[in-house]
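# Inside the fold
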Amino acid sequence: MTETDEIYIDPGFRDVRVARLRDGKLIDISITDLAQSSAVGSVVLGRVMRVAPQLNAAFVDIGTAKDGFLPAEAARHLGGQPNAEVADDISSLVHEGEAILVQIDADAVGTKGARLSADISLAGRFVVFGPRRGGVAVSRKITDDVERSRLIDALNGDDGGFVVRTAAEGQDTAVLTADADALRARMHEIEEKAANATAPATIEAELDPLLRAVREAHESGVSRVVIATRAGLAKARAYATLAFAGAGPAIDGHKNGEDLFEDAGITAEIEDLLQPRVALPGGGVITIETTEAMTTVDVDSAEVRGADKDTNTLAVNLAAAVETARQVRLRGIGGLVVIDFIRLDDGDHRKQVVAALQTALAQDRAATRIGRMDDFSLVAFTRRREGPSLAATLLERCAPCDGQGWRLSLPAAAAAAYQLAEVEAAAGEAGPLVISVPSDVAAAMNRGEADVAAFATRVGREVRVLSDASRERDSVEVYIADDAGSTGRDFGGADS
């Protein structure tokens with residue numbers, strides 16, 4: 001049976017929420033703070049500020065608060081296709097003061113600057129172009145040897161390298177070469193702009209979160225995109241018409257004045273993703289805890305009982321392996337993850353659990369690397385960090401409980417208040433819109449360019465924010481002034 005993917009987008013006033021569902025089940029979620037929008041994919045002319053031989057890396061000024069980090073492995077493409085015989089010594093690849101063209105590979109996180117790569121990658125509908133690479137690689141999902149050979153022959157040449165996407169299978173050669181030629185032309189424009197720029201300078205900025213989600217939906221063959229707001233819908237359709245002649249997924253709107261994520265059950269799933277305990281299908285639970293050093297996952301059989309203890313233990317561990325892979329993907333957890341499985345003495349059972357984890361992690365876009373199960377039934381794996389986790393985006397340490405719990409962060413609370421107010425503005429009758437929130441949230445709502453006045457312009461009506469010191473961080477009420485009815489809702493992330 002063919003799987004159907006849909007993408008739901010809620011382009012809010014303070015953040016953009018993007019959810020991907022497969023046959024109605026959430027498989028990916030991202031929340032982008034518009035004040036800290038991702039720059040991943042942007043092509044930048046940077047200037048090398050410091051070469052650090054001890055790290056085998058260089059620090060590059062890319063025009064942001066923190067210098068970008070360029071490891072030697074990612075700098076090998078600066079001269080074009082790297083020579084395998086040349087040692088990966090950063091001092092031989094770059095020198096201080098040099099202007100270099102790089103791409104942002106991962107956003108800055110905490111005290112770490114953005115991760116950079118000289119292996120520039122430009123994605124099209126059917127192929128990904130690497131101007132500083134060579135050869136043609138074909139998606140592993142295309143298994144027919146004759147088709148793989150045809151695709152390689154169609155794109156083989158001396159001008160850069162290509163990765164052929166799954167969507168290219170069965171496509172006419174002329175369609176594939178047109179896609180490749182468009183990417184070559186785009187790279188030529190980037191090089192011309194860089195030649196006339198002074199470092200540091202952004203040569204090609206990544207799209208905003210809404211349009212990036214629409215582009216990725218088109219590139220990955222998503223059948224339908226649903227957008228929560230009229231303005232977002234119009235913007236997405238205009239982009240689709242210009243970028244890919246209106247082809248690709250159907251782009252639909254949601255019922256005016258209704259909450260898309262609430263109606264689809266996504267809001268409840270996000271709240272669940274902020275909790276440490278996750279119930280497993282068939283019984284058992286996993287508990288996920290993240291520290292500065294690592295994330296630990298404890299597997300517990302809970303109330304699962306049966307005549308065959310080994311069979312029950314294996315079943316719970318297999319379910320835990322699959323669910324752990326899903327949870328780290330949805331929660332955006334990066335770095336080292338250690339799973340404490342229920343003890344397994346049977347060697348074949350151990351292999352089955354590790355294999356199940358490998359299969360589940362293979363569905364993740366982020367790079368992962370898994371180790372073996374040790375004698376204590378512990379398995380460690382790493383997942384490439386691609387930005388702040390879901391918890392880091394939405395939560396903060398709870399000061400009233402001495403940092404022992406979490407609560408909704410101020411930026412997230414302000415974004416949620418605006419989101420609820422926008423739904424009410426679209427559904428409610430004419431009149432001033434009143435938003436009642438805690439005092440600190442009210443202050444956060446009126447901070448920066450995306451303030452109350454800008455929101456009033458967005459919704460086309462007067463907006464009043466009431467500061468209520470008696471409210472908790474996760475409480476907001478929205479109503480139309482002089483209207484007997486009001487709309488109030490608590491949204492997730494309560495103090496714990």
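Computed from a predicted structure; not experimentally measured. (Residues numbered from 1 in each chain as written. Predicted model: local features only at pLDDT ≥ 70, side-chain atom pairs only at ≥ 80, totals over all residues. Heavy atoms only, no water.)

## Description of the overall build of the protein
The condition that has to hold: Under the DSSP-based scheme used, a helix requires at least four consecutive residues in state H or I and a strand at least two consecutive residues in state E, with every element numbered from the N terminus. The atom set for the radius of gyration is the C-alpha atoms, and the globule formula is 2.2 Å times the number of residues raised to the power 0.38. Remark: exposure states derive from per-residue accessible area (1.4 Å probe, protein chains only) relative to the maximum for the residue type, with buried under 20%, exposed over 50%, and partly exposed in between. Per-residue and other accessible areas were derived by the Shrake-Rupley procedure at a 1.4 Å probe size, with only the shown protein chains allowed to occlude residues. In this tally, Lys and Arg are treated as positive and Asp and Glu as negative; His is ignored, and so are the chain termini. Where a charge lies is defined by one atom per residue type, namely NZ (Lys), CZ (Arg), CG (Asp) and CD (Glu).
When helices and strands are counted, the protein shows 14 helices and 27 strands. The C-alpha radius of gyration of the protein comes to 25 Å, within 12% of the 23 Å expected for a compact globule of 496 residues. Once the C-alpha set of the protein is aligned to its principal axes, its extents read approximately 75 × 70 × 50 Å. Here the protein holds 496 residues, and 45% of them are scored as buried. Total accessible area computed for the protein in this model is approximately 24,500 Å², and 49% of it derives from carbon and sulfur atoms. Across the protein, 53 positive and 78 negative side-chain charges occur, with their mean positions spaced 1 Å apart.

## Topic: the sheet that holds strand β21 (residues 378–383)
Defined as follows: The criterion for strand pairing is that DSSP finds at least two bridges linking the strands in question. Note on geometry: axes are C-alpha line fits, over the in-contact stretch for helices, and angles between N-to-C directions span 0 to 180 degrees.
As summarised here, the arrangement of the six strands in space is β16-β17-β18-β19-β21-β20, forming an open sheet in which the pairing is mixed. The sheet is open, and its two edges are formed by β16 (277–279) and β20 (368–370), each paired on a single side. Between one strand axis and the next, the sheet turns through 20 degrees on average, direction left out of account.

## Focus on the packing of aromatic side chains
Note the following rule: In summary, the pairing rule links any two rings of Phe, Tyr or Trp, Trp by its six-membered ring, whose centres are within 6.5 Å, and it sorts them by plane angle into stacked for under 30 degrees, edge-to-face for over 60 and tilted for everything else.
Inspection of every chain in the model, using the stated rule, returns five aromatic pairs. For the ring pair Y418 and F455, a centre distance of 4.7 Å and an interplane angle of 45 degrees mean the geometry is tilted. Here F455 lies in helix α14 (residues 452–459) and Y418 lies in helix α12 (residues 410–427), a separation of 37 residues in the sequence. A single burial state applies to Y418 and to F455, both of which are buried. Members of the aromatic cluster, joined through ring pairs, are F13, Y418 and F455.

## Digging into unusual backbone geometry
Looking along the chain, the bond that leaves A199 and enters P200 is cis, with omega of 0 degrees. Although it is not a glycine, D23 adopts a positive phi angle of roughly 50 degrees. Tracing the sequence through the fold places D23 in the loop between β2 (15–22) and β3 (25–33). Given a relative accessible area of 51%, D23 falls into the exposed group. Of note, the phi angle at S377 is positive, near 65 degrees, even though the residue is not glycine. Within the secondary structure, S377 sits in the loop between β20 and β21.

## Examining the pairing of strand β14 (residues 224–227)
Across four bridges, strand β1 (residues 5–11) lies against β14 in parallel orientation. Bridge assignment links I7 to a residue of β14, and that residue is V225. Where β14 lies against strand β15 (residues 250–253), four bridges are found, and the strand directions are parallel. Each bridged residue has a counterpart across the sheet, and for R224 the counterpart in β15 is A250.

## Some words on the nonpolar core
Inclusion rule: Working definition of a nonpolar core: buried Ala, Val, Leu, Ile, Met, Phe, Trp, Tyr and Cys residues. They are joined through side-chain atoms within 4.5 Å.
Among the nonpolar cores identified, the biggest contains 43 residues, and I29, I435 and F455 are the most heavily contacted of them. Core analysis: the second largest hydrophobic core is formed by 28 residues, I288, L314, A319 and F341 among them.

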